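# A structural walkthrough
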Amino acid sequence: MPDKETLERVQSDKRQGKSPSTQAGEFVRQEIHHVRQGKHGARSTKQAIAIGLSEARRAGVKLPPPKRGARSSTRKQARRDVAKGRRGGQRTSPRRSSAVRKALKREGRSAASRPALSRQARAAARRRSATSRRNAARKGAATKGPARRSAAARKAARSRKSRS
């Protein structure tokens, strides 16, 4: 069940005209926090992200199922989540709910660690083309605004300095 603050942030993103994937990012963020708090675990960072995306679809975020590259079972589940988001799902039976919670409690907490998230992000970026990454960076810089752009440049300079 998504937190009240998460739903408010998603509504705010939607009002600002942000993309569905940005809105879904709020749910993923919440899920990472849950793993860090010890509410439950996740077998991998990918699983934590998948739980967040599933919650987003069920909450009505217009996030389409993956087109290619994903397993057919993943695509099928995503389609079910989208449908559930449209019609508003029924309550999960207590038995199933507690079974899922118990299973996730047995999983580790390291999936939400900084190194794990960094590895996941780098692996995801490597799967994209250089052009796609460059365009995303350009778009990000263009929508940042001068103050935040200069802050980002200062931060980049600092991290460059600490690496050498």
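For clarity, every value in this text was computed on a predicted model and none was experimentally measured. (Residues numbered from 1 in each chain as written. Predicted model: local features only at pLDDT ≥ 70, side-chain atom pairs only at ≥ 80, totals over all residues. Heavy atoms only, no water.)

Time to look at the overall build of the protein. Within the protein, the regular secondary structure consists of eight helices and zero strands. Walking the protein from its N terminus toward its C terminus, one meets helices and strands in the order α-α-α-α-α-α-α-α. With the principal axes as the frame, the protein shows a C-alpha extent of 55 × 35 × 35 Å. In the protein, which comprises 164 residues, the share counted as buried stands at 21%. Relative to all contacts within the protein whose residues are 6 or more apart in sequence, the contacts with residues 24 or more apart total 58%. When the accessible surface of the protein is split by element, carbon and sulfur atoms take 51% of a total near 12,400 Å². Between the mean site of the 50 positive side-chain charges and the mean site of the 9 negative ones, the protein shows a separation of 10 Å. (Helix = DSSP H or I, 4+ residues; strand = E, 2+ residues; numbered from the N terminus. Buried < 20%, exposed > 50% of the residue type's maximum accessible area, 1.4 Å probe, protein only. Contact = heavy atoms within 4.5 Å. Areas by Shrake-Rupley, 256 points an atom, 1.4 Å probe, with all protein chains shown as cover. Lys, Arg positive; Asp, Glu negative; His and termini not counted. Charge placed at Lys NZ, Arg CZ, Asp CG, Glu CD.)

Another aspect to go through is a positive patch on the surface. Taken together, the side chains of Arg-36, Arg-114, Lys-144, Arg-148, Arg-154, Lys-155 and Arg-158 present a region of like positive charge at the surface. Along the chain, Arg-114 falls in helix α6 (residues 114-126). The exposed category is assigned to Arg-114, whose relative accessible area is 70%. (Patch = residues over 30% accessible without salt bridge, like charges linked within 9 Å, V, L, I, M, F, W, Y side chains within 5 Å. Salt bridge = Lys/Arg side-chain N within 4 Å of Asp/Glu carboxyl O.)

Moving on to the confidence of the model for the protein. The pLDDT averaged across the protein works out to 90; a share of 99% of its residues lies at or above 70. For the protein, helix α8 (residues 146-163) is the element with the lowest average pLDDT, namely 87, and α6 is the one with the highest, namely 95. (pLDDT = per-residue confidence, 0-100.)

All right, on to the packing of helix α1 (residues 4-15) against helix α2 (residues 20-37) then. For the pair α1 and α2, the least separation of the axes is 8 Å and the interaxial angle reads 165°. In terms of orientation, α1 and α2 fall into the roughly antiparallel class. Our pair here, α1 against α2, has a crossing hand that is right-handed. The segment α1 lies against α2, with Thr-6, Leu-7, Arg-9, Val-10, Asp-13 and Lys-14 engaging Thr-22, Gln-23, Glu-26, Phe-27, Arg-29 and Gln-30. When its residues are assigned to classes, the contact of α1 with α2 shows three nonpolar, four polar and five charged. (Axes fitted to C-alpha atoms, helices over the stretch in contact; angles between N-to-C directions. Parallel < 35°, antiparallel > 145°, perpendicular 65-115°, else oblique. Left-handed = near helix turned anticlockwise from the far one by under 90°. Nonpolar A, V, L, I, M, F, W, Y, C, P; charged D, E, K, R; others polar.)

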